[in-house]
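As a plain string of letters, each chain reads:
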Amino acid sequence: MPIAKLVRKRLDELLVEEGLLKDDQVVEIHRHMRATGEGFIELLVKLGLATDMDVARCVVKQSGLPYIDASRYRVDRDVLKGIPGDFMWQNQLIVLDKIGKTVLVAVSGVPNPEVYEKLEKATGSQIFLYVTTCQQAREALEKHAPQPKTAAVKPAVAGVPAKPAAPAAARTSNPPSGTVVKAAVSSAGGTAAARPGEKK
């Protein structure tokens, strides 16, 4: 299914539909965003209106995409070559791996079709998307594409945090070939999906 057809609504609209936010709370979050430069999800969590995992569950449910804990995936550094770190930070996505002609990408928030079309052109590969939380995306980025301490990365779209988090202490290895990615799927309320070319 084309990425453009997966999610047609903004993250704040999805959260209102799921009953996680009210319209006046959305207005308040956007007011804070303009005043502080912080991201939508970052403020959502900071204000105690929803958790990072609540957002991931909502996106999984609405998009049908599988969930993965990006912070626990051993990223293939070769696949990161040629993909600017700033691009990944700005769009809160992490390129995880490449299997054949398919590139695996984890994203927090609502997938942006234009971003992934650019990524497909840059890599010359089909993109296979997973949903992750903002915290997990930041941890993976901090380890594999760290930003200079003086760099300020602003999110490109609503629903993306603006500030990197501290690196995670531990990581786990990739699942062995021929297995299903099951990174804490049950806690996200989604279903695990086999890696491309594999059977569930």
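**Student:** Looking at this structure, I do not really get the overall build of the chain. What am I missing?
**Tutor:** Tallying secondary structure elements over the chain gives 9 helices and 3 strands in all. Starting at the N terminus and ending at the C terminus, the chain contains elements arranged as α-α-α-α-α-α-β-β-α-β-α-α. Within the chain, buried positions represent 48% of all 200 residues. A total of about 10100 Å² of accessible surface is found on the chain, and carbon and sulfur atoms cover 52% of it.

**Student:** Even after reading the chapter, I still don't get the pattern of salt bridges, so can you show me in this structure?
**Tutor:** Oppositely charged side chains can form a pair if their charged atoms are brought close together. For the structure on display, the rule yields 6 salt bridges. Measuring nitrogen to oxygen at the nearest pair gives 2.5 Å for the salt bridge that ties Asp-12 to Arg-10. For Asp-12, a relative accessible area of 5% gives the class buried. The shortest N-O distance in the salt bridge between Arg-31 and Glu-28 comes to 2.6 Å. Here Arg-31 and its partner Glu-28 are both found in helix α2 (residues 23-36), 3 residues apart, which amounts to about one turn of the helix.

**Student:** Would you take a moment to explain the nonpolar core for this structure?
**Tutor:** As a rule of thumb, soluble globular proteins bury nonpolar side chains together. Ranked by internal contacts, the top residues of the largest apolar core, which has 50 residues, are Met-88, Leu-93, Ile-94, Val-95, Leu-96, Val-105 and Tyr-116. Considering each element in turn, this core owes the most residues, 6 residues, to helix α4 (residues 52-63). Filtering out sequence-adjacent residues up to four positions away, Leu-93 remains in contact with Phe-87, Met-88, Val-105, Ala-106, Val-107, Val-115, Tyr-116, Leu-119 and Leu-141.

**Student:** Can you help me understand α4 in this one?
**Tutor:** Every α-helical turn comprises 3.6 residues, leaving residues that sit three or four positions apart pointing alike. With 12 residues, α4 extends 17 Å between its outermost C-alpha atoms, agreeing within 8% with the 16 Å of an ideal straight helix rising 1.5 Å per residue. Among the residues of α4, those classed as buried are Asp-52, Met-53, Val-55, Ala-56, Cys-58, Val-59, Val-60 and Ser-63. Count one or two residues on from α4 and you reach Gly-64, which has phi positive near 80 degrees.

**Student:** Would you mind going over the pairing of strand β1 (residues 93-99) with me for this structure?
**Tutor:** Side chains on a regular strand alternate between the two faces of the sheet. Of all 7 residues in β1, 5 are buried; the element is thus mostly enclosed. Pairing geometry for β1 and strand β2 (residues 102-107), over 6 bridges, is antiparallel. By the bridge assignment for β2, Ile-99 is matched with Thr-102. Between β1 and β2, which pair antiparallel and follow one another directly, the connecting turn spans 2 residues, one of which, Gly-100, has a positive phi of 65 degrees.

**Student:** How do you make sense of the sheet that holds β1 when you look at a structure like this?
**Tutor:** The strand order β1-β2-β3 describes an open sheet built from 3 strands, whose pairing is mixed. Only two strands of the sheet have a single partner each, and these edge strands are β1 and β3 (126-131). Within the sheet, the average angular offset between the axes of one strand and its neighbour, ignoring direction, is 25 degrees. One ladder, built from 6 bridges, connects β2 with β3; its direction is parallel. Bridging across to β3, Val-105 finds its partner in Leu-129.

Definitions and limits used
Residues numbered from 1 in each chain as written. Predicted model: local features only at pLDDT ≥ 70, side-chain atom pairs only at ≥ 80, totals over all residues. Heavy atoms only, no water. Helix = DSSP H or I, 4+ residues; strand = E, 2+ residues; numbered from the N terminus. Buried < 20%, exposed > 50% of the residue type's maximum accessible area, 1.4 Å probe, protein only. Areas by Shrake-Rupley, 256 points an atom, 1.4 Å probe, with all protein chains shown as cover. Salt bridge = Lys/Arg side-chain N within 4 Å of Asp/Glu carboxyl O. Core = buried A, V, L, I, M, F, W, Y, C linked by side-chain atoms within 4.5 Å. Contact = heavy atoms within 4.5 Å. Expected span 1.5 Å × (residues − 1). Pairing = 2+ DSSP bridges. Axes fitted to C-alpha atoms, helices over the stretch in contact; angles between N-to-C directions.

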